[in-house]
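So the chains spell out like this:
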Amino acid sequence: MAAAAAESVVVVHNVAKRHNVGTLARSATAFGVAEVVVVGRRDVSAFGSHGATSHLRFRHFTSLALARAYLKDERGCDICGVEITDDAQPVTAHPFRQSTAFLFGNEGSGLSQKECEICDFFVYIPQYGGGTASLNVTVAASIVLHHFAVWAGFPERGREGNKFIVADRPQGLSRGLYCTEDSIEAVIEERKMRKENACDILEENGSSHPQESNGLDLMFTE
């Protein structure tokens, strides 16, 4: 049974693909997330959000330690790492107790050691097909946040025709402090630069294997 007035929070830590946050924000608003906590770099992009960032409250911290103190002491949240660990429980079991902040790992390397250290418990998403080892971070976030919303008993949004009703844009949210409206051209250029930088690193190292980045350390990217 859900705790009274339980809330969900998404924690974004040093996202490499800044524009991924926009896509994640769209899922966060769909599944009733109360706040997005941005840790590390401040400049995240609203690209792909379809206006969803206007309906979210953003808060920034310079370190995981400060973010953890806020989540635990002020919000009273458990911190849940979405990662396959020895003691991780399937998200389908809904192992939640109260308001929960979710931290998502990089598809390649997962959560870092520092990220794991701030987590109270872990969940993983069961897979039933053999074609992939992991899910895109925004897909994983959508699944986990939906399960939490079901457990918490969030009321389903009203529908009009074949769409859900979009709320009026809230006033006074701090979205503007962190989100920029990148154009498709800016996103393409960012991806091109990352690819070129990766090639430079490979040439310097004399390796044919790309260096894994932990930049998608969080959950919510696009």
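Our structure's up above, just so we're on the same page.
Just so it is clear, the structure is predicted and the values come from calculations on it, not from any experiment.

### Section: the overall build of the protein
Step number 1: Scanning the protein from terminus to terminus reveals 5 helices and 11 strands.
Step number 2: Per-residue burial over the protein gives 43% buried out of 222 residues.

### Concerning the packing of aromatic side chains
Step number 1: Scanning the entire structure with this criterion turns up 9 aromatic pairs.
Step number 2: Considering the side-chain rings of phenylalanine 96 and phenylalanine 148, the 5.2 Å spacing of their centres and the 70 degrees angle between planes classify their relative orientation as edge-to-face. Taken together, the residues span a long stretch of sequence, with phenylalanine 96 in the loop between β6 (89–90) and β7 (100–104) and phenylalanine 148 in helix α4 (residues 137–152) at a distance of 52 residues. Summarising the burial analysis for this pair, phenylalanine 96 and phenylalanine 148 share the class buried.
Step number 3: Between phenylalanine 148 and phenylalanine 154, the ring centres sit 6.1 Å apart and the planes meet at 70 degrees, which makes this aromatic pair edge-to-face.
Step number 4: Its relative accessible area of 0% is what places phenylalanine 148 among the buried residues.
Step number 5: Judged by its relative accessible area of 26%, phenylalanine 154 is partly exposed.
Step number 6: An aromatic cluster of at least three residues, connected via ring pairs, comprises Phe96, Phe102, Phe104, Phe121, Phe148, Trp151 and Phe154.

### Some details on helix α2 (residues 64–74)
Step number 1: Regarding α2, the residues found buried are Leu64, Ala67, Tyr70 and Leu71. Across the axial projection of α2, the buried residues extend over an arc of 125 degrees, all falling on one side. Facing away from the buried side of α2 by over 90 degrees, the exposed positions are Ala65, Asp73 and Glu74.
Step number 2: Elements in contact with the buried residues of α2: β1 (8–13), β2 (35–39), β4 (58–61), β5 (78–82), β7 and α3 (113–117).
Step number 3: Among the residues trailing α2, glycine 76 stands out with phi positive, at a value near 65 degrees.

### Some words on α4
An α-helical segment advances 3.6 residues per turn. Residues three or four places apart therefore align on the same side.
Step number 1: Between its first and last C-alpha, α4 extends 22 Å over 16 residues, near the 22 Å set by a 1.5 Å rise per residue.
Step number 2: Counting buried positions over the 16 residues of α4 gives 12, a clear majority of the element.
Step number 3: For α4, the full list of buried residues reads Val137, Thr138, Ala140, Ala141, Ser142, Val144, Leu145, His147, Phe148, Ala149, Trp151 and Ala152.
Step number 4: Backbone geometry just downstream of α4 places glycine 153 in the positive-phi region, at approximately 75 degrees.

### Brief notes about the pairing of β7
Step number 1: The buried fraction of β7 amounts to 5 of the 5 residues, a majority that puts the element mostly inside the structure.
Step number 2: Neither face of β7 is open: one carries Thr100, Phe102 and Phe104, the other Ala101 and Leu103, and all of them are buried.
Step number 3: Bridging between β1 and β7 involves 4 bridges; their strand directions are parallel. Each bridged residue has a counterpart across the sheet, and for valine 9 the counterpart in β7 is alanine 101.

### What about the pattern of salt bridges?
Step number 1: Following the criterion strictly, the structure yields 6 salt bridges and no others.
Step number 2: For glutamate 7, the salt bridge is made with arginine 75, and the minimal N-O distance between the two is 2.4 Å. Separated by 68 residues along the polypeptide, glutamate 7 in the segment before β1 and arginine 75 in the loop between α2 and β5 bring together distant segments of the chain.
Step number 3: Across the pair glutamate 35 and arginine 59 runs a salt bridge, and its minimum N-O distance is 3.0 Å. In this pair, glutamate 35 sits in strand β2 while arginine 59 sits in strand β4, placing the two residues 24 residues apart along the sequence.
Step number 4: Three or more residues joined by partner-sharing salt bridges are found here, namely Glu7, Glu35, Arg59 and Arg75.

### Digging into the sheet that holds β2
Step number 1: If you trace the 7 strands from one edge of the open sheet to the other, you get β4-β2-β1-β7-β5-β8-β6, paired in parallel fashion. Either end of the sheet is taken by a strand with one partner, and the two such strands are β4 and β6.
Step number 2: As paired strands, β1 and β2 are joined by 5 bridges and run parallel to one another. Residue pairing in the sheet places valine 9 in a bridge with glutamate 35 of β2.

### Some remarks on the nonpolar core
Step number 1: Counting 29 residues, the largest nonpolar core has Leu56, Phe96, Phe102, Phe104, Val144 and Phe148 as its most contacted members.
Step number 2: At the level of secondary structure, the elements contributing two or more residues to this core comprise β1, α1 (20–30), β2, β5, β7, β8 (121–124) and α4.
Step number 3: Listed in part, the 18 residues of the second largest apolar core include Val9, Ile79, Ala88 and Ala101.

Each value, and the rule that gives it
- Every residue gets a number counted from 1 within its own chain, in the order that chain's sequence is written.
- For this predicted model, a pLDDT threshold of at least 70 governs which residues receive local features, and a threshold of 80 or more governs which side-chain atom pairs are given and counted, while totals over whole chains, interfaces and linings are taken from all residues.
- Here the side-chain values reflect all heavy atoms present in the structure, with hydrogen atoms and water set aside.
- The numbering of helices and of strands both runs from the N terminus, where a helix is a DSSP run of H or I of at least 4 residues and a strand a run of E of at least 2.
- The buried label applies to any residue whose accessible area, calculated with a 1.4 Å probe on protein chains only, is under 20% of its type's maximum; exposed applies above 50%, and partly exposed to all values in between.
- Two rings from Phe, Tyr or Trp (for Trp, the six-membered ring) form a pair when their centres sit within 6.5 Å of each other. Planes less than 30 degrees apart are called stacked, planes more than 60 degrees apart edge-to-face, and all others tilted.
- It is the directions from the helix axis to the C-beta atoms that the arc portrays.
- It only takes one pair of heavy atoms within 4.5 Å for two residues to be counted as in contact.
- Any helix carries an expected span of 1.5 Å times its number of residues minus one.
- Any two strands are treated as partners once DSSP identifies two or more bridges connecting them.
- By definition here, a salt bridge exists when the distance from a side-chain nitrogen of Lys or Arg to a carboxyl oxygen of Asp or Glu is within 4 Å.
- In these notes, a set of buried Ala, Val, Leu, Ile, Met, Phe, Trp, Tyr and Cys residues joined through side-chain atoms within 4.5 Å is what counts as a nonpolar core.

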